[in-house]
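Observations on chain architecture
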Amino acid sequence: MAQPQLKKSCGSSTSYARIMFLVKEILPYAGQKNMLLGTMKNPRSRASSRTDCAFFRCRQTAFTLLVFYTVLAPASFAQEAKAKEAGLRQIRSYIAAGWDTLTRSLTDCKVIVDPKLAAASVLYLPADFDAPAEVQEMHKRCNVQVKHLPQVIHKLGEVDTGNLEPPGLLYLNNKYVVPGGRFNEMYGWDSYFIVRGLVEDKRIELARGMVENFFFEIEHYGAVLNANRTYYLTRSQPPFLTSMILAVYDAQKAAGKEDRAWLERAYGYAARDHGLWAREPHLAGTTGLSRYYDFGNGPAPESIKDETGHYRQVAAFFLGQQQDVWRDYLVPQKPDATHIGPLFALQVCDSSKAMAQAECDSAGVASLSADYYKGDRAMRESGYDVSFRFGPHGARTHHFAPVCLNSLLYKTEKDLERISGMLGRPADAEDWRKRAEERKERIQQYLWDSERGLYFDYDFENGKRSDYEYVTAFFPLWAGIPTQEQARVVVQHLPTFEKPGGLVMSTHETGAQWDFPYAWAPDQLVADEGIRRYGFNAEADRVSYEFLSAVAENFRRDGTIREKYNALTRSSETQVTAGYHMNIVGFGWTNGAFLVLLHQLPETSVTRLANEQIAKPGSGR
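Reference entry: report on the structure contained in this document.

Scoring rules and cut-offs
Residues numbered from 1 in each chain as written. Predicted model: local features only at pLDDT ≥ 70, side-chain atom pairs only at ≥ 80, totals over all residues. Heavy atoms only, no water. Helix = DSSP H or I, 4+ residues; strand = E, 2+ residues; numbered from the N terminus. Buried < 20%, exposed > 50% of the residue type's maximum accessible area, 1.4 Å probe, protein only. Areas by Shrake-Rupley, 256 points an atom, 1.4 Å probe, with all protein chains shown as cover. Arc of directions from axis to C-beta. Pairing = 2+ DSSP bridges. Axes fitted to C-alpha atoms, helices over the stretch in contact; angles between N-to-C directions. Disulfide = S-S within 2.5 Å. Polar contact = N/O pair within 3.5 Å; in protein donor to acceptor, adjacent residues only side chain to side chain. Contact = heavy atoms within 4.5 Å. Phe/Tyr/Trp six-rings, centres within 6.5 Å; stacked < 30°, edge-to-face > 60°. Lys NZ or Arg CZ within 6 Å of the ring centre and 35° of its normal.

Regarding the overall build of the protein
Helix and strand counts for the protein stand at 22 helices and 17 strands. Counting all 621 residues of the protein, 56% fall into the buried class. On the protein, roughly 27,200 Å² of surface is accessible, and the fraction owed to carbon and sulfur atoms is 52%.

Below, the structure written as structure tokens:
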């Protein structure tokens, strides 16, 4: 065994780190046979003797300092730990209490209500599923309607959701955590970040129940849904299921409760979930990659109330563009002709008479096209509602192979390879390995731009990459797709996205919430973990701290955690003008990401963050 480097360990400094080095690295050598006393019995060269003497003096120093720190250090260390705990106590308590506040159960009458729609409250059960006793009791106590779906559902798109009137909540068999206080349904990709936070907070059973709810959705509703509402029976959300499964399984194993039978069951559902994205209509042309696609047609029902005037604004936007840009999306109509969605009256007015009543002439009526609504719905499946990343107002989402989706599917395939191996299925493991490698090759071929050094979504209709710089360019790092050199080049683009409050979504200020200048917890977590995965820890620590400190700073001001943050002003104040306008309090995925990113920070950064909270106390209610 090699001896420690004495010159580096026996200086005059008495820092805690140096003492720990001495204790851990030097004292163990004292017990080695013939290390010290043996040299007296078997004298060697003078150089050897000098080394032994130096080592003996160092051992004495270590012992003396160890005694010193044993007596004096605990008080200072305890004070530091106490200060750190006190500094983060309020926000940690808020998050811990939030898991219960945001938990929904069918024993609560208010859960059936959908604040996004004005329709009556209805709970729908699968067609072949008997109403459990708690549902029957809730039906009587809460005076809400309970109905069965009209048919057994095997896959998305099998049921016409327009015939499910009124729309309602879809039954799930376990409690679940919602994003924020106004929501009563369990969302698809939100839940991954919530599950990560629950696991971090040792709420493993609640996290497991949520994952099992997704098994129930696959079994009875055909897929992991956007959320458990009837109008979401046409679309899924970004696929994080295997990541959730492994987060729970690994946490159970670490707690001494490994459950191979549960993993076996989970594997079957995860494979079925993957199948949704590996067949039509979720295939991106002939690229071998996948796309987002909603089986429904026409306006998204949840947009009608939540996004007042949104489609009118979209129509006005297209009308103001050059004809070759908007002609496919805004279609002239006769008032009595068949059309999809609302009609918009067009007028031509004299703008020169600003101070007088405008003189206008009718220019007929128009409607948004069926293809626009397809793109709008597909964009909502992507989770990035009302983003301009896939063309104006997401109009062309279904014509792209996205970086985020295909990175997640590569991660899913690698997870399924790992799970197959754990379950003793070598043939399955080899099959998933091949699928993952094939997707990786296609991602590198179609989505990687070597000239710009970044990953971009691919327009498979026109055969070209997008030029829209977006924070999802870091998803491949999270999934482990790029080479080390590619990752280094991507990380060099951090200044493009990095602002005082974390990573902004894009470089484009479009008025949409998923663009500049907003930072969102899920993308912050994925990007930070991707950067860290390739060894760029200093960069990951820095951008993590920027986001965490912005969240904490706002918490000091108003005692809440929000859905999204302005990364420029480091505030929760938003000025969204396109689509969904609100910034909801809660907030599930921000809570989860905060805990995970905090855990990954070095202790010095955690202490710094805690000290900021003590120096600038807030309401923290």
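Resuming the write-up.
Examining unusual backbone geometry
Backbone phi values are negative for most residues with the exception of glycine, while trans is the configuration of most peptide bonds. Cis geometry marks the peptide bond from Glu280 to Pro281; its omega dihedral reads 5 degrees. In this chain, Phe516 is followed by Pro517 through a cis amide linkage whose omega measures 10 degrees. Considering the arrangement of structural elements, one finds Pro517 in the loop between strand S15 (502-503) and strand S16 (518-520). Positive phi, close to 60 degrees, is recorded for Val386, a residue that is not glycine.

Here we look at helix H11 (residues 310-319)
Listed as buried for H11 are His310, Tyr311, Val314, Ala315 and Phe318. Considered in projection along H11, the buried side chains sweep an arc of 140 degrees and stay on one side of the axis.

What about the sheet that holds strand S8 (residues 360-368)?
Taken together, 3 strands build an open sheet; the order of strands is S6-S8-S7 and the sheet is antiparallel. Taken across any chain shown, the strands that pair with only one partner, and hence form the sheet edges, are strand S6 (330-333) and strand S7 (344-349). The average undirected angle you get between the axes of adjacent strands in this sheet is 45 degrees. When S7 meets S8, the two strands line up antiparallel, connected through 5 bridges. Across the sheet, residue Val348 finds its bridge partner in S8, namely Asp361.

As for the environment of Thr161
Inspection of the secondary structure assignment puts Thr161 in the loop between strand S3 (145-148) and strand S4 (169-170). With 73 residues separating them in the primary sequence, Thr161 and Thr234 have C-alpha atoms 7.7 Å apart.

Some remarks on the state of the cysteines
Counted under the stated rule, the structure contains 2 disulfides. Covalent S-S linkage joins Cys109 and Cys142, the inter-sulfur distance amounting to 1.9 Å. Measuring the twist about the S-S bond at about -70 degrees, one finds the Cys109-Cys142 disulfide to be left-handed. Of this pair, Cys109 sits in the loop between strand S1 (103-104) and strand S2 (122-125) while Cys142 sits in helix H5 (residues 133-142); the two residues are 33 residues apart in sequence, bridging distant segments of the chain. A relative accessible area of 27% places Cys109 in the partly exposed class. Note on Cys142: relative accessible area 14%, which makes it buried. With a sulfur-sulfur separation of 1.9 Å, Cys349 is cross-linked through a disulfide to Cys360. Residues Cys349 and Cys360 are joined by a disulfide whose S-S torsion is about 110 degrees; by sign, that bridge is right-handed. Within this pair, whereas Cys349 is found in strand S7, its partner Cys360 is found in strand S8, the two being separated by 11 residues in sequence.

Quick notes on the side chain of Ser571
Relative to the helices and strands, Ser571 is located in the loop between strand S17 (564-566) and helix H21 (588-600). Residue Ser571 is classed as buried on the basis of its relative accessible area of 9%. In this structure the side chain of Ser571 is engaged in a polar contact, spanning 3.3 Å, whose partner is the backbone nitrogen of Glu573. Dropping the residues within four chain positions of it, Ser571 is found in contact with Asn554, Arg557, Tyr565 and Asn566.

Some points on the environment of Arg557
Inspection of the secondary structure assignment puts Arg557 in helix H20 (residues 537-558). Spatially, the C-alpha atom of Arg557 lies 9.6 Å from that of Ser571, the residues being 14 residues apart in sequence. Within polar-contact distance, the side chain of Arg557 engages the side chain of Glu553 at 3.0 Å. Polar contacts involving the side chain of Arg557 include one to the side chain of Asn554, which spans 2.8 Å.

Section: the packing of aromatic side chains
Where two aromatic rings form a pair, the distance of their centres and the angle of their planes describe that pair. Enumeration according to the criterion identifies 42 aromatic pairs in this entry. Seen from their ring centres, Tyr311 and Tyr372 are 6.3 Å apart, and the 85 degrees between their planes marks the pair as edge-to-face. In this pair, Tyr311 sits in helix H11 while Tyr372 sits in helix H13 (residues 370-381), placing the two residues 61 residues apart along the sequence. Tyr372 sits in the buried class, given a relative accessible area of 0%. On the basis of an interplanar angle of 55 degrees and a centroid distance of 4.9 Å, the ring pair of Tyr446 and Tyr458 is categorised as tilted. Of this pair, Tyr446 sits in helix H15 (residues 426-446) while Tyr458 is found in strand S12 (residues 458-459), placing the two residues 12 residues apart along the sequence. The burial state of Tyr446 is the same as that of Tyr458; both residues are buried. Put simply, the rings of Trp189, Tyr192, Phe193, Phe240, Tyr384, Tyr468, Tyr470, Trp478, Trp514, Trp520, Phe587 and Trp589 touch in pairs and so form one group of aromatic residues. The side chain of Arg389 reaches across the aromatic face of Tyr384, ending 5.2 Å from its centre. Over the ring of Phe456 we find Arg452; its NZ or CZ atom is 3.9 Å from the centre of that ring.

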